[in-house]
Amino acid sequence: MGYRLLGRRQTGSMAIEAALRLCAADWTLVVTPRPTTEAEMTELCRINPRGQVPILIHPDGTVITEGPAILLHLADAFPAAKLAPQPGSSARAWHDRWLAFFQANVYEGMLRELFPDRYTQDPAGGPAVRAAATDYVRRHFLILDAELRPRLGHGYACGPSPTVLDIYVWMLCFWIDANWLAENCPSLDALWLRLRPLPDLSEVEEQHFG
Ligand SMILES: N[C@@H](CCC(=O)N[C@@H](CS)C(=O)NCC(=O)O)C(=O)O
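Scoring rules and cut-offs
Residues numbered from 1 in each chain as written. Predicted model: local features only at pLDDT ≥ 70, side-chain atom pairs only at ≥ 80, totals over all residues. Heavy atoms only, no water. Near = heavy atom within 4 Å. Polar contact = N/O pair within 3.5 Å; in protein donor to acceptor, adjacent residues only side chain to side chain. Areas by Shrake-Rupley, 256 points an atom, 1.4 Å probe, with all protein chains shown as cover. Buried < 20%, exposed > 50% of the residue type's maximum accessible area, 1.4 Å probe, protein only. Helix = DSSP H or I, 4+ residues; strand = E, 2+ residues; numbered from the N terminus. Right-handed = clockwise from strand over helix to strand, strands pointing away. Pairing = 2+ DSSP bridges. 1 Å grid on protein atoms, 1.4 Å probe; cavity = no way out; pocket = protein on both sides within 12 Å on 5 of 7 lines; lining within 4 Å. Points joined across faces, edges and corners; volume = space filled by probe spheres on them. Nonpolar A, V, L, I, M, F, W, Y, C, P; charged D, E, K, R; others polar.

Chemist: Which parts of the structure should I look at to understand the site of the ligand?
Modeler: Looking at the ligand, there are 13 residues lining it, with Val 53, Glu 66, Gly 67, Gln 103 and Arg 118 nearest. The contact in question runs from an oxygen atom of the ligand to an N or O atom on the backbone of Gly 67, over 2.9 Å. Side-chain polar atom of Glu 108 to a nitrogen atom of the ligand: 3.4 Å apart, as the coordinates give it. For the ligand, the protein covers 91% of the area, taking 510 Å² as the surface of the free molecule.

Chemist: Explanation requested: the pairing of strand β1 (residues 3–7) in the structure shown.
Modeler: For a regular strand, side-chain orientation follows a simple rule: the groups alternate between the two sheet faces. For β1, the buried fraction is high: four of the five residues fall into the buried class. At this point the chain moves from β1, through helix α1 (residues 13–22), to the parallel strand β2 (residues 27–31), and the crossover so formed is right-handed. Strand direction decides the pairing type here: β1 and strand β3 (residues 55–57), joined by three bridges, are antiparallel. Bridging across to β3, Leu 6 finds its partner in Ile 55.

Chemist: Explain unusual backbone geometry here, please?
Modeler: Of all residues except glycine, most have a negative phi; of all peptide bonds, most are trans. A cis geometry characterises the amide bond from Val 53 onward to Pro 54, with omega recorded as 5°. Note on placement: Pro 54 falls in the loop between α2 (38–47) and β3. With a phi angle near 55°, Gln 10 is a residue other than glycine that sits in the positive phi range. Considering the arrangement of structural elements, one finds Gln 10 in the loop between β1 and α1.

Chemist: Explain the layout of surface pockets here, please?
Modeler: A water-sized probe rolled over the atoms picks out the places where empty space is left. There is about 740 Å³ of room inside the largest pocket. Residue lining of the largest pocket: 30 residues in total, with Gln 52, Val 53, Tyr 107, Leu 111 and Phe 115 positioned closest to the centre. Considered class by class, the residues forming the lining of the largest pocket number 14 nonpolar, nine polar and seven charged.

In structure tokens:
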């Protein structure tokens, strides 16, 4: 039996689907709608106590959650796909630093934009949480844009072929205002536009946003 990915459209499973395709893994998607009842939530929490997707189940049954952990596992398990620099190298340290940076700041900030009421006990506080989150997300996009600017002459963040860092950035670019991105983050916008037509990525885009 291969990998099983629990995910659904327009969620963090988008990057995992792209990586599974790029490494030609044996996998199936288990479409997992957002739980709507307590029983469904209890069931999902048996697998991931956070009740969130994406969840990758390894062929040996090991449960892997947290997008970057899943992506780095796939990069290491399928080295021929060159989805990350060699483990232990300084290039890998740089790569993992910015992957972690993007999850901790951008992805989590986007969750505050999407679900502001979860981040305040003030019943009227949602709009202020959302506005602050939008600023926060944009500030961190600008930091990564400046970091990538001198590197993209190589093609992608780490050289001539995309790594899971590029794939993660590709996914999160769908969740930010495209006009703001084009006007303020020329490096990330150029990277996004270079990644979108790649065959595996464009098929995943179609499944999530088509
Ligand atoms: N820290 C997790 C976050 C995963 C996450 O927020 N998943 C969202 C979909 S993109 C989810 O399942 N949300 C449902 C909920 O929180 O109720 C990761 O980086 O993978």
